[in-house]
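One letter stands for each residue in the lines below.
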Amino acid sequence: MKVLVIGGGGREHALCWKLKRSASVGEVVCAPGNPGIAADARCVPVGAEDIKGLMALATTEKPDLVVVGPEVPLVAGLGNRLREEGFAVFGPDKAAANLEGSKSFSKRLMYEAGVPTARFEVHVDVKEAIETIRSWGAPIVIKASGLAAGKGVIVAQTEKEAIDAVRGMLAGNSFGDAGSQVVIEEFLSGEEASCLFIVSGDTILPLASSQDHKALLDGDLGPNTGGMGAYSPAPCVTEIVAEQVLETIARPIIAALKKKGAEFIGTLYAGVMLTDEGPKALEFNVRFGDPECQPLMSRLKSDLGEVLLAAAEKRLDDVTLSWADGSALCVVVASDGYPGLFEKGQMIGGLDAVEAAGTTVFHAGTAEKDGAIVNAGGRVLGVTAVAASVRQAQRTVYDALAALDWPGGFYRKDIGYRAIVREER
Ligand code: AMP
Ligand code: GLY
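Just so we're clear, the structure is a prediction, and the values are computed from it rather than from any experiment.

Asks: Looking at this model, I keep getting lost on the overall build of the chain. Mind explaining?
Replies: Scanning the chain from terminus to terminus reveals 14 helices and 23 strands. In terms of C-alpha radius of gyration, the chain reaches 20 Å, essentially the compact-globule figure of 22 Å for 425 residues. When the backbone C-alpha atoms are referred to their principal axes, the chain occupies close to 55 × 50 × 45 Å. Taken as a whole, the chain presents about 16,800 Å² of accessible surface, with 50% of it coming from carbon and sulfur. Mean positive and mean negative side-chain charge positions of the chain (42 and 55 charges, respectively) differ by 2 Å.

Here it is in C-alpha cells:
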C-alpha cells in the first residue's frame, strides 16, 4: 500500500522509517518531511498546517492510508476533511482532538469520566486567578489552555512565579490565543511516564511504555521543552501500573468522548504521574509523543502499516503488537538557545559517523543547504539506539555523539538516569 505521512519532525521520521520497513507498505510519501525523512520517503513540500494544500495532495496521491503526525492539523480538522473524502485516516477528528487542543476541555472531561487527575480551576480573569494562587499556595502549576508546543506549562515553585505566569498569559500575550484561558492545577509529585495507546472506536491497544525528559537541563532542571530525550520501556511502568492506566485513565476517557459523540481513531497519549495514590493523568495528547515515538518505533517488531490501517478501518480487534527485547533510548540534540531564540543555518557534520557507531539518527529540525545538513528548528536530531538495557543503549548513544560535529548544538548528558537507577538496584 501507499502511505501518506503528514509532518516533518523527529516523530514523523521515526514513523516513515518504520513504515518503509513494513512488508505491507510499498511507498511512503511525506508532507513536508525533512532531509532525514527523504531517505525513507518521497518528500513533498506541503506544510503540515496547510489543510487546503494537504487535501489537494491527498487527492493527487490517492494514498491507501494517511497518518497524521502532529496535533495542529488534527485540532484544525484535517481528519474530518480527509474522512469526508473517503480516505482511510490514522488520527482523530477535530472533536476528539480537542482532548489535546484545549486543556480546559480535557480537564473537565477527566472529571466527568472520573479519571484520577490533579484538582484544577480554569480562569480568564487575572484577579481571580491570583486569588486561587494565593489560596492554594506554591508549588502550583499554571497552564496555557491552548496548544503551545509543550512549552505552555509553568511548574511554579513560588506564588510570585505563578502570578507572573498568569499575568503573562492573561494580561500579556506570552502564549498568544493559547494563553487567553489558564488552567491552574494542584502540584503532583511522583515519577512521570508516557502511556500510549492505539485506539479505534472501543478497541484500545497499549503500546510499550516510555518516558521522556521534558526539562531542558540535566537533573530535570530548567524550563519545560517539547522533550529532550526518551526511552522505552519505562521500568516504573510495571504490569500493574500499565493495567491501572488502561482501566482508570484510557478506557474512561475514550468512553466519555464517545458519549459526547466523538469517536477516537488514532494514538491516545496519556501523560501520567505515578503518585502515592496511584497513576493520575497530567494531560492527553492525540498523537505519538515526540521524542517517545523514536524509541518506540525502534523497538516495534510488528508491521506498522498493517496496525495503523487496521485502526483506520476499525478492525483493530485482531491486532497484537510485538516488541524487541531490551531497551531503546533517544537523545535529542537541540540548537543552542532553544526553547528560546537560536541561530538557524549552522552546518552539522559527522552524522554518518554517529550512525556508524550503532545509532539511528532521526531528523527533526534540519534542512539542506548547498548539499549540507543545517539546523532549522529548536530540536534538531534524535539519536537513538537499541540495546540489552537502558544503560547500554545510553552508552551507545553518548559514545556515538562524540562523532557529531556541530559546535552550535547541545544535548542533555543524563537521558535515562531514572531508569538506570532502577535497573541497577
Ligand atoms: P502537560 O503538558 O500538561 O503534560 O505538562 C507538561 C509537564 O509539566 C508535565 O510533563 C509535568 O512534568 C509538568 N506538570 C504538568 N502538570 C503537573 C502537575 N499537576 N503537577 C506536577 N507537574 C506537572
Ligand atoms: N514528549 C512530549 C510530547 O510529545 O508531548
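Asks: Where do I start with the site of ligand 1 in this structure?
Replies: Close to ligand 1 lie 16 residues; K143, E185, L188, E192 and E283 are nearest. E186 places a main-chain nitrogen or oxygen 2.9 Å from a nitrogen atom of ligand 1. Contacts to ligand 1 include E192, whose side-chain N or O atom sits 2.3 Å from an oxygen atom. For ligand 1, whose accessible area on its own is 470 Å², the fraction buried by protein is 94%. Taken together, the elements giving at least two residues each to the shell around ligand 1 come down to β7 (140-144), β8 (153-156), β9 (182-186) and β17 (278-285). When the residues that make up the shell around ligand 1 are grouped by side-chain class, the tally is eight nonpolar, one polar and seven charged.

Asks: I would appreciate a short explanation of the packing of aromatic side chains in the present structure.
Replies: Within a pair of aromatic rings, the relevant descriptors are the distance that separates the centres and the angle that separates the planes. Inspection of every chain in the model, using the stated rule, returns four aromatic pairs. Taking the centre distance of 5.5 Å and the plane angle of 90° together, the rings of W17 and F362 count as edge-to-face. One end of the pair, W17, is in helix α1 (residues 10-20); the other, F362, is in strand β19 (residues 360-363), with 345 residues separating them in the sequence. The residues W17 and F362 share a single accessibility class, namely buried. One residue, K413, lies across the ring of Y411, its end atom 4.6 Å from the ring centre.

Asks: Looking at this model, I keep getting lost on the sheet that holds β17. Mind explaining?
Replies: Backbone hydrogen bonds are what pair the strands of a sheet, in a parallel or an antiparallel way. In spatial order, the strands read β11-β10-β16-β17; together these four strands make up an open sheet with antiparallel pairing. One side of each edge strand has no neighbouring strand; the edge strands of this open sheet are β11 (203-206) and β17. Pairs of neighbouring strands in the sheet enclose a mean axial angle of 35°, with direction left out of account. Looking at chain direction, strand β16 (residues 265-275) and β17 are connected through seven bridges and run antiparallel. Each residue of the ladder has a partner; that of A270, found in β17, is F284. Sheet strands in contact with helix α9 (residues 239-259) are β10 (191-200), β11, β16 and β17, and its direction is about 45° off that of β17. Helix-sheet contacts for helix α11 (residues 304-312) involve β10 and β16, and the interaxial angle to β10 is about 65°.

Asks: Whenever I open this one, the site of ligand 2 confuses me. Can you help?
Replies: Neighbouring ligand 2 are D212, K214, G226, Y269, N285, R287, G289, D290, P291 and E292. A distance of 3.2 Å separates a nitrogen atom of ligand 2 from a polar backbone atom of G226. Protein contact buries 91% of the 200 Å² of open area that ligand 2 shows by itself.

Asks: Sorry if this is basic, but what is going on with the pairing of β16 here?
Replies: The side chains of a regular strand alternate, first on one face of the sheet and then on the other. Counting buried positions along β16 yields 11 of 11 residues, so the element is predominantly enclosed. Across 10 bridges, β10 lies against β16 in antiparallel orientation. Each bridged residue has a counterpart across the sheet, and for L196 the counterpart in β16 is Y269.

Asks: Teacher, can you tell me more about the side chain of E292 here?
Replies: Take E292: it is sitting in the loop between β17 and α10 (293-299). K214 provides the closest opposite charge to the buried, unpaired E292, separated from it by 4.9 Å. Those residues within four positions of E292 in sequence are excluded, and the remaining contacts are S194, S210, D212, A230 and Y269.

Asks: Please clarify how the environment of A149 should be interpreted in this entry.
Replies: Inspection of the secondary structure puts A149 in the loop between β7 and β8. The spacing of A149 and T225 is 76 residues in sequence and 8.1 Å in space, taken between C-alpha atoms.

Asks: What should I look at first to understand the state of the cysteines in this one?
Replies: Note: disulfide means a covalent bond formed between the sulfur atoms of two cysteine side chains. Summed over the entire model, instances satisfying the criterion amount to zero disulfides. In this model C16 remains outside any disulfide bridge; the closest cysteine sulfur is found in C30, 3.9 Å from its own. Exposure remark for C30: the relative accessible area of 0% places this residue in the buried category.

Asks: Mind showing me how you'd approach unusual backbone geometry here?
Replies: Cis geometry marks the peptide bond from A31 to P32, where omega comes out at -5°. For K62, which is not glycine, the phi dihedral falls at a positive 50°. With respect to the helices and strands, the residue K62 is situated in the loop between α2 (51-61) and β4 (65-68). For K62, a relative accessible area of 59% gives the class exposed. A positive phi angle, near 60°, is found at K314, a position not held by glycine.

Asks: Before we go on, may I ask you to explain the sheet that holds strand β6 (residues 120-123) in this structure?
Replies: If you walk across this open sheet you meet the four strands as β6-β9-β7-β8, and the pairing is antiparallel. Edge positions in the sheet fall to β6 and β8, since each has one partner strand and no second. Ignoring which end each strand starts from, the neighbouring axes of this sheet average 20° apart. As judged from the five bridges shared by β7 and β9, these two strands associate in the antiparallel manner. When the bridges of β9 are listed, V141 appears paired with E185.

Asks: Which parts of the structure should I look at to understand α1?
Replies: Along an α-helix, residues three or four apart share an orientation, since each turn contains 3.6 residues. The buried fraction of α1 amounts to 10 of the 11 residues, a majority that puts the element mostly inside the structure. Restricting attention to buried positions, one finds in α1 the residues G10, R11, E12, H13, A14, L15, C16, W17, K18 and L19.

Rules used throughout
Residues numbered from 1 in each chain as written. Chains lettered and ligands numbered in written order. Predicted model: local features only at pLDDT ≥ 70, side-chain atom pairs only at ≥ 80, totals over all residues. Heavy atoms only, no water. Helix = DSSP H or I, 4+ residues; strand = E, 2+ residues; numbered from the N terminus. Rg over C-alpha atoms; globule rule 2.2 N^0.38 Å. Areas by Shrake-Rupley, 256 points an atom, 1.4 Å probe, with all protein chains shown as cover. Lys, Arg positive; Asp, Glu negative; His and termini not counted. Charge placed at Lys NZ, Arg CZ, Asp CG, Glu CD. Near = heavy atom within 4 Å. Polar contact = N/O pair within 3.5 Å; in protein donor to acceptor, adjacent residues only side chain to side chain. Nonpolar A, V, L, I, M, F, W, Y, C, P; charged D, E, K, R; others polar. Phe/Tyr/Trp six-rings, centres within 6.5 Å; stacked < 30°, edge-to-face > 60°. Buried < 20%, exposed > 50% of the residue type's maximum accessible area, 1.4 Å probe, protein only. Lys NZ or Arg CZ within 6 Å of the ring centre and 35° of its normal. Pairing = 2+ DSSP bridges. Axes fitted to C-alpha atoms, helices over the stretch in contact; angles between N-to-C directions. Contact = heavy atoms within 4.5 Å. Salt bridge = Lys/Arg side-chain N within 4 Å of Asp/Glu carboxyl O. Disulfide = S-S within 2.5 Å.

Scope: geometric values only; no functional claims are made or implied.
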